[in-house]
Amino acid sequence: MSDTEGNRAYGKKSFKRSKSHFADRVTADGRDGWPVEAGRYRLVVSRACPWASRAVISRRLLGLEDALSMAIADPIQDDRSWRFTLDPDGRDPVLGIRFLSEAYEAREPGAPGGVSVPALVDVPTGRLVTNDYQRLTLDLATEWTALHREGAPDLYPADLRAEIDEVMAEVYEDVNNGVYRAGFANGQKKYAAACEGVFRRLELLSERLEGRRYLVGDTITEADIRLFTTLVRFDAVYHGHFKCNRWKLTEDPVLWAYSRDLFQTPGFGDTVDFDHIKRHYYQVHTGINPTGIVPLGPDLSGWLTSHGREELGGRPFGDGSPPGPVREGEEVPAAGRP
Ligand SMILES: N[C@@H](CCC(=O)N[C@@H](CS)C(=O)NCC(=O)O)C(=O)O
């Protein structure tokens, strides 16, 4: 079930995240028929979506902007799902389509599983390649290395993969997806179980991060990207809209400082659009917010305050270096920034 379907099904069955229907991989050896190639693919995202935002951050950190172009969908879907109404004439300038569903249809007419972001589209044919958000970023980190920028970090280091995978599995179950299970719960018990799971895990993560700068090892890894994309949305949408309101992110000194540290690291905060995030959640999920009213808060200015986490040491980019400035035309508009 996709998020929109989760919204529509509210009141019938519990929220269950579906597996992505398309699982082809773009790899260095092209074994699924999709070799890594500069300029061949287009990454379609919504800045509102936490799963797509993982890919937006990875692309920046790895310096893949020149090799992999990016289309940003309107945060508000209509009944044909994600659309390119932010672009001139409502068409993606590279793919020439008005709706992401056109790339899905070109790949497999009537495919099950709905239309979701992130999506990787083959530019020459206009066909969807994959919407497997769990695999996509790992492949950007490990299969696209020939196209990485100089100084790109190793986001999925081979010697730490077992630990990274374990942390990511817990974060996925209880935090990334836990907030959705709480938000789309159709009964008190299911909501309470999900909400308790979210905060139990956040408390454990807060303990883990008290004395160490990053989740695994001493550098930024894929695990940090995946936790960040939920934490950065926490007070803006999950606390109110999804009722994960035992406490706010800003009330947990460790997680709040950890989140600010990442937010202020090039490649993280410069991809975040709070305007898209808030309008998407509050206006699209009418099953749980029938008026579609978007709250004015929270105050975002705290995101730019000092966090003090440098004292914990750590080497954010390992032996590499931070990414350069955001590519022209990809800057987050002022309305979405703190
Ligand atoms: N592909 C996955 C995960 C990615 C995902 O859920 N993306 C959301 C946006 S955050 C989406 O595009 N949902 C489709 C929709 O809302 O129509 C799925 O189908 O559940």
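Residues numbered from 1 in each chain as written. Predicted model: local features only at pLDDT ≥ 70, side-chain atom pairs only at ≥ 80, totals over all residues.

An unreviewed UniProt entry annotates the protein as Glutathione S-transferase originating from Streptomyces umbrinus.

Whenever I open this one, the overall build of the protein confuses me. Can you help?
On a plain count of helices and strands, the protein comes out with eleven helices and four strands. Here the C-alpha atoms of the protein give a radius of gyration of 19 Å, agreeing with the 20 Å that 2.2 N^0.38 yields for 338 residues. Dimensions of the protein, computed from the C-alpha atoms along their principal axes, are close to 50 × 50 × 35 Å. Taking all 338 residues of the protein together, 45% fall into the buried category. At a minimum sequence separation of 6, the contacts of the protein that also span at least 24 residues come to 71%. (Helix = DSSP H or I, 4+ residues; strand = E, 2+ residues; numbered from the N terminus. Rg over C-alpha atoms; globule rule 2.2 N^0.38 Å. Buried ≥ 20, exposed ≤ 12 C-beta atoms within 10 Å, placed from the backbone. Contact = placed C-beta atoms within 7 Å.)

Honestly, the confidence of the model for the protein in this entry has me stumped. Any pointers?
Predicted coordinates in areas of low pLDDT are best not read in detail. On average, the protein scores 95 in pLDDT, and the residues at 70 or more come to 95%. Element-level mean pLDDT values for the protein span from 55 in helix α1 (residues 3-8) up to 99 in helix α8 (residues 222-231). (pLDDT = per-residue confidence, 0-100.)

What is the right way to read the UniProt feature "domain: GST C-terminal" (unreviewed entry) in the protein from this model?
Within the UniProt annotation, "domain: GST C-terminal" (unreviewed entry) is assigned to residues 157-284. Its end C-alpha atoms 37 Å apart, residues 157-284 is made of 64% helix and 0% strand. (UniProt positions renumbered as here; feature names shortened; annotations may be inferred.)

How should I be thinking about unusual backbone geometry in this particular structure?
Glycine aside, negative phi is the norm for most residues, and most peptide bonds take the trans geometry. Here the residue pair valine 117 and proline 118 is connected by a cis peptide bond, since its omega of 0 degrees sits within 30 degrees of zero. Its location among the elements puts proline 118 in the loop between α3 (101-107) and β3 (119-122). Omega for the bond connecting glycine 297 with proline 298 falls within 30 degrees of zero, at -5 degrees, which places this linkage in the cis form. Turning to its location among the elements, proline 298 is positioned in the segment after α11 (274-284). For serine 81, which is not glycine, the phi dihedral falls at a positive 75 degrees. Following the sequence through the fold, serine 81 ends up in the loop between β2 (69-72) and α3. Positive phi is not limited to glycine here, since aspartate 89 has a value of about 60 degrees.

What exactly am I supposed to notice about the sheet that holds β2 here?
Sheet strands associate in pairs through backbone hydrogen bonding, adopting either a parallel or an antiparallel arrangement. Spatial ordering of the open sheet is given by β2-β1-β3-β4, a layout of four strands whose pairing is mixed. Of all strands in the sheet, those with a lone pairing partner are β2 and β4 (127-130), marking the two edges. Each adjacent strand pair in this sheet contributes to an overall mean axis angle of 35 degrees, direction not counted. Two strands pair when backbone bridges link them, and strand β1 (residues 41-45) and β3 are joined in this way by four bridges, in the antiparallel orientation. (Pairing = 2+ DSSP bridges. Axes fitted to C-alpha atoms, helices over the stretch in contact; angles between N-to-C directions.)

What should I look at first to understand the pairing of β1 in this one?
Burial analysis of β1 places five of its five residues in the buried class, the great majority of the element. Going residue by residue along β1, you find Tyr41, Leu43 and Val45 tucked away on one face and Arg42 and Val44 tucked away on the opposite face as well. With respect to chirality, the unit in which β1 leads through helix α2 (residues 50-62) into the neighbouring parallel β2 is right-handed. (Right-handed = clockwise from strand over helix to strand, strands pointing away.)

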